[in-house]
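# Per-entry structural report
Spelled out from the first residue to the last, the chains are:
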Amino acid sequence: MPIETLFPLAIYYEDLADAPKHQQKLLSAVLQLERDGAERRNYPEMAWTGDLHGVEQIHTNPDFGWIVEQIERHTAIYLLELGVDLSKVDLYIQRAWPIVSRTEQEIGSHCHNTAHISAVYYIKVPADGTYDPGRLVFFDDARVNEVSPGLGSENTDIVAEDSYFNQLQAAYVPVEGRLLLFPAKQRHAVTMNETEDLRVSLSFDIVLTATGSASGAYEFLTPPPQQWQKFKSSHSASIERI
Ligand SMILES: [Fe+2]
């Protein structure tokens with residue numbers, strides 16, 4: 001009784017060859033940015049994320065030049081594998097920030113709604129054989145096999161046996177020196193770092209736009225930002241309420 005499986009989610013990964021050579025410099029740079037960042041504004045049980053603390057443009061920081069090169073190279077390969085004609089798109093890093101997760105810290109579920117591709121690079125993963133350093137969990141919001149909506153929810157308790165066909169989430173174990181790329185709209189979270197050590201990673205948001213010559217593609221692809229025109233005056237100055 002064969003069962004076909006269709007529509008796989010494509011998660012790209014590569015273990016970067018030069019990772020050990022760059023680890024210390026990246027780690028020092030991240031910890032310095034954390035020290036220099038804005039006053040902590042999230043809950044203590046949540047990992048420190050640069051985007052909430054004024055550290056969201058590390059792609060423009062020369063200390064991160066090597067990893068930015070890797071992001072550009074591997075994003076292109078990922079898109080080629082997805083069948084994208086790279087001559088018709090321009091690629092941008094829109095935001096990039098570090099994440100430092102200490103003992104018993106985690107990151108709640110979210111999507112990167114302003115981007116198209118998200119990347120994670122693991123600078124440091126605690127090598128504790130006993131305790132979990134925290135996993136990247138992807139959630140299947142499409143639920144293609146949930147034949148009656150809600151069947152798999154915690155409250156119904158009707159799905160009697162967990163299997164490959166009814167799993168609603170998949171946990172990805174982090175690997176030091178590994179780069180991961182996935183669709184930015186894919187909802188995900190990071191589970192608790194149960195070790196006594198730091199887990200340090202970088203997050204990148206990447207955007208696709210049409211190239212200037214790819215006219216006709218704009219219905220589904222953002223036109224090049226160079227063609228946009230910002231409003232000449234601010235909303236508050238130009239609009240008088242009646
Ligand atoms: Fe994320």
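Residues numbered from 1 in each chain as written. Predicted model: local features only at pLDDT ≥ 70, side-chain atom pairs only at ≥ 80, totals over all residues. Heavy atoms only, no water.

Per an unreviewed UniProt entry, the chain is named Fe2OG dioxygenase domain-containing protein, and its organism is Chamaesiphon minutus.

### What to know about the pairing of strand β6 (residues 136-139)
By the alternation rule, side chains of β6 split into L136 and F138 and V137 and F139, which are all buried. Of the pairings in the sheet, the one linking β6 to strand β9 (residues 188-190) comprises 3 bridges and is antiparallel in character. Note that in β9 the partner of L136 across the bridge is V190. (Buried < 20%, exposed > 50% of the residue type's maximum accessible area, 1.4 Å probe, protein only. Helix = DSSP H or I, 4+ residues; strand = E, 2+ residues; numbered from the N terminus. Pairing = 2+ DSSP bridges.)

### Things to note about the nonpolar core
It is characteristic of soluble globular proteins that their nonpolar side chains tend to be buried jointly. Core analysis: the biggest nonpolar cluster contains 36 residues, and I58, F64, I67, Y121, I123, L202 and F204 have the highest contact counts within it. Ranked by residue count, the leading element in this core is helix α1 (residues 19-36), at 7 residues. Setting aside its immediate chain neighbours within four residues, Y121 contacts L16, A19, L26, W66, I67, G177, R178, L179, V200, S201 and L202. (Core = buried A, V, L, I, M, F, W, Y, C linked by side-chain atoms within 4.5 Å. Contact = heavy atoms within 4.5 Å.)

### Topic: α1
Relative to the 26 Å expected for 18 residues at 1.5 Å per residue, α1 spans 25 Å between its end C-alpha atoms, a close match to the ideal helical length. Maximum bend of α1: about 25°, positioned at K25. When we look at burial in α1, the residues that qualify are A19, H22, L26, L27, A29, V30, L31, L33 and E34. Contacts made by the buried residues of α1 are with β2 (48-49), α2 (65-81), β3 (89-101), β5 (117-124) and β10 (199-210). (Expected span 1.5 Å × (residues − 1). Bend = angle between axes of the 7 residues up to and from the residue.)

### Observations regarding the coordination of the iron ion
Each protein donor to the iron ion is listed here as H110 (NE2), H112 (NE2) and H188 (NE2); together their distances run 2.1 Å. Going along the chain, you hit the donors of the iron ion in the pattern H-x1-H-x75-H. (Donors = N, O, S within 2.8 Å, 3.2 Å for Na, K, Ca; no water.)

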